[in-house]
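Here are the chains, one letter per residue:
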Amino acid sequence: MNSYDTLILGAGIAGITAGIYLKRSNLKSLVLDKGAPGGKLNNIHRIDNYPGTAKIAGPDLAMSLYTQANELGVEFGYGSVYEVRKVDEGFLIKTDSGDYSAKTVIVATGVENKKLGIPGEDSHIGRGVSYCATCDGNFFKGKEVVVIGNADHAVEDAIYLSSICAKVHLFHPAPLETTEAHEAEIRSLENVEIKAIDKALSIEGEVLVEKLIYEENGEKKEIETSAVFPLYGEKSSSAFLSPLGVETNKGFIKVDAEMKTNVPGVYACGDIIDKKLRQLVNAAGEASVAATSAIAYVHSLRK
């Protein structure tokens, strides 16, 4: 079993930033993720609010972060964590690719898109239902699609799809929560229709998605579409920490100003923590604080 000073769970901007800080401190650390380095960056088509980069594609920023970390010698690993336990030496991290031990753990696993939980959603995943516009948008080039969501992520993806698809319907079951710039941009697009709905009811189609059934002002309606992108909210997954008794709020981890959880030696940063603003810039800042706290903790064990 491989042993480390710190195991970082998640290779998004927070996880990679923490890895860079830990490597520069000469601690033995590993950045572990079940996907490609960069996390959700790989699903963002354009970033225009990250300091020092006027406009950059998410995958490009992910590659830049990975290249920087790799050149420094940051170690990356692949695996999905399903349990973290306290042991005498620190922590036992169990994954589908093997077990690890570490003196400290930094949780930077981020969030996932919520499912709508309606009939036809699961059965049409990969057949017209997608949670990533930048991943799958090209499959629907020149076609009509529906995006369901009200937050900035949904608006950004609808803008992206408008450059590929013939028509984009943005259905929002709650008021739009986006920047003024993004709202102005999407309302200026001729091939985007924005509509407030009560809720989505079902996704239908014999094999591929053919239509969405929804409710508007109490009336049941339907729209023909080639794809449905459910982008209505996000959820965190911190169940793997349950053996430790880490305090959470609706799945989001509670931390103090030093990114410490209620469990000594366990830190968290990025979108997984309980906070109001989930942006790349504060995820990176939180990661630097979490890493610094973990470094201090490891050094205290050596005294």
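Above this text sits the structure in question.
Residues numbered from 1 in each chain as written. Predicted model: local features only at pLDDT ≥ 70, side-chain atom pairs only at ≥ 80, totals over all residues. Heavy atoms only, no water.

Draft legend 1. How the structure looks around the pattern of salt bridges. One pass over the full model with this rule turns up 14 salt bridges. Two residues, Lys-115 and Asp-122, come together in a salt bridge whose shortest N-O distance is 2.8 Å. Residue Lys-115 is classed as partly exposed on the basis of its relative accessible area, which comes to 47%. Note that Glu-222 and Lys-211 form a salt bridge whose closest N and O atoms lie 3.2 Å from each other. Of this pair, Glu-222 sits in strand 13 (residues 219-224) while Lys-211 sits in strand 12 (residues 211-216), and the two are eleven residues apart along the sequence. The class for Glu-222 is partly exposed, based on a relative accessible area of 48%. (Salt bridge = Lys/Arg side-chain N within 4 Å of Asp/Glu carboxyl O. Buried < 20%, exposed > 50% of the residue type's maximum accessible area, 1.4 Å probe, protein only. Helix = DSSP H or I, 4+ residues; strand = E, 2+ residues; numbered from the N terminus.)

Draft legend 2. Representation of the environment of Lys-199 within the structure. Positionally, Lys-199 belongs in strand 11 (residues 199-204). C-alpha separation for the pair Lys-199 and Glu-215, spaced 16 residues apart in sequence, amounts to 5.4 Å. Filtering out sequence-adjacent residues up to four positions away, Lys-199 remains in contact with Tyr-214 and Glu-215. (Contact = heavy atoms within 4.5 Å.)

Draft legend 3. Molecular detail of the sheet that holds strand 11. One open sheet accounts for three strands, arranged 11-12-13; its pairing is antiparallel. Each having just a single partner strand, strand 11 and strand 13 make up the two edges of the open sheet. Strand-to-strand twist of the sheet, defined as the mean angle between neighbouring strand axes without regard to direction, takes the value 25°. Pairing of strand 12 with strand 13, which is carried by six bridges, proceeds in the antiparallel orientation. Paired with Glu-215 across the two strands is Lys-220, which belongs to strand 13. (Pairing = 2+ DSSP bridges. Axes fitted to C-alpha atoms, helices over the stretch in contact; angles between N-to-C directions.)

Draft legend 4. Structural detail: helix 1 (residues 13-24). Helix length check: helix 1, at twelve residues, gives a terminal C-alpha distance of 17 Å against a target of 16 Å (1.5 Å per residue), a fit within 8%. Listing the buried residues of helix 1 in full gives Ile-13, Ala-14, Gly-15, Ile-16, Thr-17, Ala-18, Gly-19, Ile-20 and Leu-22. Buried residues in helix 1 make contact with strand 1 (2-9), strand 2 (29-33), helix 2 (58-72), strand 3 (76-78), strand 6 (98-107) and helix 6 (280-301). In the stretch just after helix 1, Asn-26 is the one whose phi turns positive, near 70°. (Expected span 1.5 Å × (residues − 1).)

Draft legend 5. Just the pairing of strand 14 (residues 227-230), in detail. Across the two faces of strand 14 the burial is the same, with Ala-227 and Phe-229 and Val-228 and Pro-230 all buried. Of the pairings in the sheet, the one linking strand 8 (residues 144-148) to strand 14 comprises four bridges and is parallel in character. Residue pairing in the sheet places Val-147 in a bridge with Phe-229 of strand 14.

Draft legend 6. Focus on the packing of aromatic side chains. A complete count under the given rule lists four aromatic pairs for this structure. Geometrically, the ring pair formed by Tyr-4 and Tyr-100 is tilted, given 6.3 Å between the ring centres and 45° between the ring planes. Of this pair, Tyr-4 sits in strand 1 while Tyr-100 sits in strand 6, and the two are 96 residues apart along the sequence. Owing to a relative accessible area of 5%, Tyr-4 belongs among the buried residues under this scheme. On the basis of relative accessible area, Tyr-100 is assigned to the buried category, the value being 9%. An angle of 90° between the planes, with centres 6.0 Å apart, marks the rings of Phe-140 and Phe-229 as edge-to-face. Of the two residues, Phe-140 sits in the loop between helix 3 (133-136) and strand 8 while Phe-229 sits in strand 14, which places them 89 residues apart along the sequence. Note on Phe-229: relative accessible area 0%, which makes it buried. Lys-28 extends its terminal NZ or CZ atom over the ring of Tyr-4, reaching a point 5.0 Å from the ring centre. The ring of Phe-91 has Lys-86 sitting right over it, with the charged end atom 5.2 Å from the ring centre. (Phe/Tyr/Trp six-rings, centres within 6.5 Å; stacked < 30°, edge-to-face > 60°. Lys NZ or Arg CZ within 6 Å of the ring centre and 35° of its normal.)

Draft legend 7. Region of interest: the packing of helix 4 (residues 152-162) against helix 5 (residues 180-187). Across the interface, helix 4 lies against helix 5 with an axial gap of 10 Å and an inter-helix angle of 35°. Judged by the sense of rotation from one axis to the other, the crossing of helix 4 with helix 5 is left-handed. On the side of helix 4, the interface is formed by Asp-152, Val-155, Glu-156, Ala-158 and Ile-159, while helix 5 contributes His-182, Glu-185 and Ile-186. Taken together, the residues of the contact of helix 4 with helix 5 sort by class into four nonpolar, one polar and three charged. (Left-handed = near helix turned anticlockwise from the far one by under 90°. Nonpolar A, V, L, I, M, F, W, Y, C, P; charged D, E, K, R; others polar.)

Draft legend 8. View of helix 4. Among the eleven residues in helix 4, ten count as buried, and that is most of the element. Considered for burial, the residues of helix 4 that qualify are Asp-152, Ala-154, Val-155, Glu-156, Asp-157, Ala-158, Ile-159, Tyr-160, Leu-161 and Ser-162. Here the buried face of helix 4 lies against helix 3, strand 8, strand 9 (167-172), helix 5, strand 10 (192-196) and strand 14.

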